[in-house]
Amino acid sequence: MEGIRTVTKQILTVISKHPHHTIFCTLFMFSILINSILIGYMGLPAFIDSFNNPSKYELLSSDQLTLESSKNYAGAIIERQCFDDLSKNELTGFLCLRSSQGTYTIYSQTREGIDASISDEFVGEVVTLIPNDPVSLFACLWWQQTIEFKNNLLS
Amino acid sequence: MNEISMILYILGIILLPVVFFYALYYISIYVYSLLSISYKKGLVLTFFSLGATFFPSILLPITDQIYLFSIGSWQISIHPIGFVFPVLISISLLYKSKANWQFIILSLIPVSFMAFLMTTPVLEKGIIAPFPLWLFPPFTAAIISALNKDRMNSSPCLYAFSLGVFGVILGADIAHFPELLSYSVSSSMHAVIGGASGFDLIFLSGIVSVIFTKLFLFLFETKNDAQFLRKIQANM
C-alpha cells in the first residue's frame, strides 16, 4: 500500500513538473489505442486504404441506418463500390443499399437475395459495423476526423 | 508497400492527430495564460472546447444547442461552447479586472463594423466569413487594444479577447440576423449562434485577437527599445 502511494506521488510530481509533455504522451498513447481498435475492426489493408482513398469510405451513423438485424449498432463504415453487372459479383458479406428517401439499409444477404426483394441503389460493402459503446464510437469519429484533416492538409 | 514504409505510414497516421490536437491545446493554454486563467481552468476549457468541436456526439450527446425563441419558421438557438463559453469568459474576466467599460463600448463600434463588413449571411450555412476576411475583426480588436494599453486597468489581451468576442456577436450575428431571417424558407430552419463550436467565428476571433495583441505589443516594445538605444547612441 505504501509502495503504491509512493509511486502515485512520484507520477503526480512528474505530471505537475511537465504538464505539456504529459498531455503529449497521453495523446500519443490514446492515438495508438484508438488506431489499434480501428485496425482490429477494419483490418489493416482496409485501414491503410481508407487513408489512401478517403472518398471510397464513409461513416454512417445509426440515425442514417436501418439495420436488417435486430442488433443495436452505433453505425457502420462503408466501402463504396461500383459494379456494372451486379448479378455477377460474388459479395456475400454485409451489403449497404440506399433507398430513394436517402436512408441506408444493411443486409446480411447475397446480392441475388436482395435483388429478389427490393430495387434500391447499391452503395457498397460494409467494412465494419460499429458496436454501440462509447469507445468504438469515439474511435470511428477519430478516424473520420483524421481522414478529413489529412485531406485538408494535402489539398 | 514494404514493411518499413508501412510501419512509417501507420506511425504517421497515429502521429498526425496527436500533433494537431497538441498544437491546438498548446495555443489554447498559451492564450488562457495571457488572459490570466490558471492552467487547470485552461485545461478544462480546452478539453471542452476541443471535445465539443471534434466529437460533439460524445461530449454533447443530448443537445448541442440551447433553444431561445422562434421567429416564423426560424428557430433561434445558442451553442453552449461556441457562444456561452467565450461570453462567460469575457464577462467574468472583465468583471474581475474592473474593466474600463466606457472604453470597451466605444472600441466595440469599429470592431463590430469590421465584422459586419467581412461576413455574409448564407441560407444553408448561416453567417460566414471566408479566410482571410475573418482575420480582420480580431486584427482591429488587437490594434485598438495594443495602441490603448496605457488607458486600460488590466492586460490588453483581456480587452482584445472581449472586443473580438462581442464585436463578432454584434457585427456579424446580431447585425446580419434580420437579413438571414428575411430569406423565405418552406420548412422549419435552425439558426444557431456560435454553431461551429470551438471553431466558430466568435470563439476564434477572441483567441486570434489575443495572439495578434501579443504580437503587436512585442513589435511596439521592440520599436521603443530600438528608439531608446538610438537616443543613447546619439548622446554618446
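Along each chain, residues carry numbers from 1 onward, in the same order as the chain's sequence is written. Naming scheme: in the order in which they are written, chains are lettered from A and ligands are numbered from 1. Given that the model is predicted, a residue must reach a pLDDT of at least 70 before its local features are reported, and side-chain atom pairs must reach 80 or more before they are shown or counted; all residues, however, enter totals for whole chains, interfaces and linings. In computing side-chain properties, one takes all heavy atoms of the structure into account and sets aside hydrogens as well as water.

Trainee: Teacher, can you tell me more about the overall build of chain B here?
Mentor: Numbering of helices and strands runs from the N terminus, with a helix taken as a DSSP run of H or I at least four residues long and a strand as a DSSP run of E at least two residues long. A count of helical and extended segments in chain B gives eight helices and five strands. Reading chain B from its N end, one meets helices and strands in the order α-α-α-β-β-α-α-β-β-α-α-β-α. Along the longest, intermediate and shortest principal axes, the C-alpha atoms of chain B span 75 × 60 × 30 Å. Each residue's exposure class comes from its accessible area (1.4 Å probe, protein chains only) as a fraction of the maximum for that residue type: buried when under 20%, exposed when over 50%, partly exposed otherwise. Looking at chain B as a whole, 47% of its 236 residues qualify as buried. Should any heavy atoms of two residues lie within 4.5 Å, those residues are counted as being in contact. Residue pairs in contact within chain B that sit at least 24 positions apart in sequence constitute 72% of those at least 6 positions apart.

Trainee: Sorry, what's going on with the confidence of the model for chain A here?
Mentor: Interpretation of this model should avoid reading the predicted coordinates in detail wherever pLDDT is low. In predicted models, pLDDT denotes the confidence assigned by the predictor to each residue on a 0 to 100 scale. Per-residue confidence for chain A gives a mean pLDDT of 79, with 81% of residues at or over 70. Of all helices and strands in chain A, the one with the weakest mean pLDDT is helix α4 (residues 111-117) of chain A (53), whereas helix α2 (residues 19-42) of chain A scores best (92).

Trainee: Any chance you could explain the environment of F20 of chain B here in plain terms?
Mentor: Inspection of the secondary structure puts F20 of chain B in helix α1 (residues 3-34). Among the residues examined, F20 of chain B registers a relative accessible area of 21% and is labelled partly exposed. F20 of chain B has contacts with F149 of chain A together with F54 of chain B, leaving out every residue within four places of it along the chain.

Trainee: Would you take a moment to explain the confidence of the model for chain B for this structure?
Mentor: Residues and elements named next belong to chain B. For chain B, per-residue confidence averages 88 on the pLDDT scale, and residues scoring 70 or more make up 98% of the total. Mean pLDDT in chain B bottoms out at helix α3 (residues 56-59), which sits at 78, and peaks at helix α6 (residues 136-147), which reaches 93. Across the interface, the model reports ipTM at 0.80; the global pTM reads 0.83.

Trainee: Hey, could you run me through the packing of aromatic side chains in this one?
Mentor: The description of two aromatic rings rests on the distance between their centres and on the angle between their planes. Residue and element names in this part refer to chain B. Aromatic contacts are taken between Phe, Tyr and Trp rings whose centres are within 6.5 Å, Trp giving its six-membered ring; a plane angle under 30 degrees counts as stacked, one over 60 as edge-to-face, and the others as tilted. Taken as a whole and assessed by the stated rule, the structure comprises 23 aromatic pairs over all chains. Taken together, a centroid distance of 6.2 Å and an interplanar angle of 40° make the contact between F21 and F55 tilted. Of this pair, F21 sits in helix α1 while F55 sits in the loop between α2 (39-54) and α3, and the two are 34 residues apart along the sequence. The burial state of F21 is the same as that of F55; both residues are buried. Judged by centre distance (5.6 Å) and plane angle (85°), the ring pair of F54 and F199 falls under edge-to-face. In this pair, F54 sits in helix α2 while F199 sits in the loop between β5 (189-193) and α8 (201-235), placing the two residues 145 residues apart along the sequence.

Trainee: I'm lost on the interface of chain A and chain B in this one. Help?
Mentor: Many descriptions give the size of an interface as the accessible area lost when the pieces come together. Across the contact, 24 residues belong to chain A and 22 residues belong to chain B. Summed over both partners, buried area is the accessible surface (1.4 Å probe) that two parts give up on being assembled. When the area that chain A buries against chain B is broken down by residue, the three leading residues are H20, F24 and F149 of chain A, summing to 23%. Take a side-chain nitrogen of Lys or Arg and a carboxyl oxygen of Asp or Glu: if they are within 4 Å of each other, that pair is a salt bridge. Our count for the chain A to chain B interface comes out at zero salt bridges. Elements with a contribution of two residues or more to the side of chain A that touches chain B: α2, α3 (44-52) and α5 (134-154) of chain A. Counting residues per element, the side of chain A that touches chain B draws most heavily on α5 of chain A, which supplies ten residues. A breakdown of the residues in the side of chain A that touches chain B according to their chemical character gives 17 nonpolar, six polar and one charged. Side-chain classes follow a simple rule in which Ala, Val, Leu, Ile, Met, Phe, Trp, Tyr, Cys and Pro form the nonpolar group, Asp, Glu, Lys and Arg form the charged group, and the remainder, Gly included, forms the polar group.

Trainee: What is the right way to look at a nonpolar patch on the surface in this model?
Mentor: A cluster of nonpolar residues, V7, I11, L12 and I15 of chain A, forms a patch on the protein surface that exposes about 340 Å² of accessible area. Within the secondary structure, L12 of chain A is located in helix α1 (residues 2-17). Each patch is assembled from residues with relative accessible area greater than 30% and no salt bridge, linking like charges that lie within 9 Å and nonpolar side chains (Val, Leu, Ile, Met, Phe, Trp, Tyr) that lie within 5 Å. In this description, accessible areas are obtained by the Shrake-Rupley approach with a 1.4 Å probe, and a residue is regarded as covered only by the protein chains that are shown.

Trainee: Could you clarify how one ought to interpret the sheet that holds strand β1 (residues 66-71) of chain B in this entry?
Mentor: Two orientations exist for strands paired in a sheet by backbone hydrogen bonds: parallel and antiparallel. Residues and elements named next belong to chain B. In this scheme, strands are said to pair when DSSP sees at least two bridges between them. If you trace the three strands from one edge of the open sheet to the other, you get β1-β2-β5, paired in mixed fashion. Of all the strands in the sheet, just β1 and β5 have a single pairing partner and so form its edges. Averaged over all pairs of adjacent strands, the angle between their axes in this sheet comes to 25°, without regard to strand direction. Both β1 and strand β2 (residues 74-78) contribute to a ladder of five bridges, which runs antiparallel. Angular values range over 0 to 180 degrees, each being the angle between N-to-C directions of two axes fitted as lines to C-alpha atoms, with helices fitted over their stretch in contact.

Trainee: Explain the environment of G82 of chain B here, please?
Mentor: Residues and elements named next belong to chain B. The residue G82 is located in helix α4 (residues 80-96) in this model. Look at G82 and you get buried, because its relative accessible area is 0%. With near-sequence residues (within four places) excluded, G82 lies in contact with G194, S197, I202 and F203.

Trainee: Help me understand the pairing of strand β6 (residues 121-131) of chain A, please; the structure alone is not making it clear to me.
Mentor: Two faces, one strand: in a regular strand the side chains alternate between the faces of the sheet. All names here are of chain A. The buried fraction of β6 is high, at eight of eleven residues. The sheet contact formed by strand β3 (residues 73-80) and β6 spans seven bridges and is antiparallel. Residue pairing across strands places Y73 opposite P131, the latter belonging to β6. Two strands pair when backbone bridges link them, and strand β4 (residues 95-98) and β6 are joined in this way by four bridges, in the antiparallel orientation. When the sheet's bridge partners are listed, L97 is paired in β6 with F122.

Trainee: Even after reading the chapter, I still don't get the environment of V14 of chain A, so can you show me in this structure?
Mentor: Residue and element names in this part refer to chain A. Looking at where V14 falls in the secondary structure, it is placed in helix α1. Relative accessible area serves as the criterion here: at 48%, V14 is assigned to the partly exposed category. In this structure the C-alpha to C-alpha distance between V14 and Y57, which are 43 residues apart in sequence, comes to 42 Å.

Trainee: Mind showing me how you'd approach the side chain of S136 of chain A here?
Mentor: Residues and elements named next belong to chain A. Mapped onto the elements of the fold, S136 is located in helix α5. Judged by relative accessible area, S136 falls into the buried class, the value being 2%. Distance and chemistry together define a polar contact, namely a pair of N or O atoms within 3.5 Å, with one atom able to donate a hydrogen and the other to accept it when in protein, and with adjacent residues in sequence counting only for side-chain atoms on both sides. Of the polar contacts made by the side chain of S136, one reaches the side chain of Y41; its length is 2.7 Å. The contact partners of S136, leaving out residues within four places of it in the chain, are Y41, I130 and P131.

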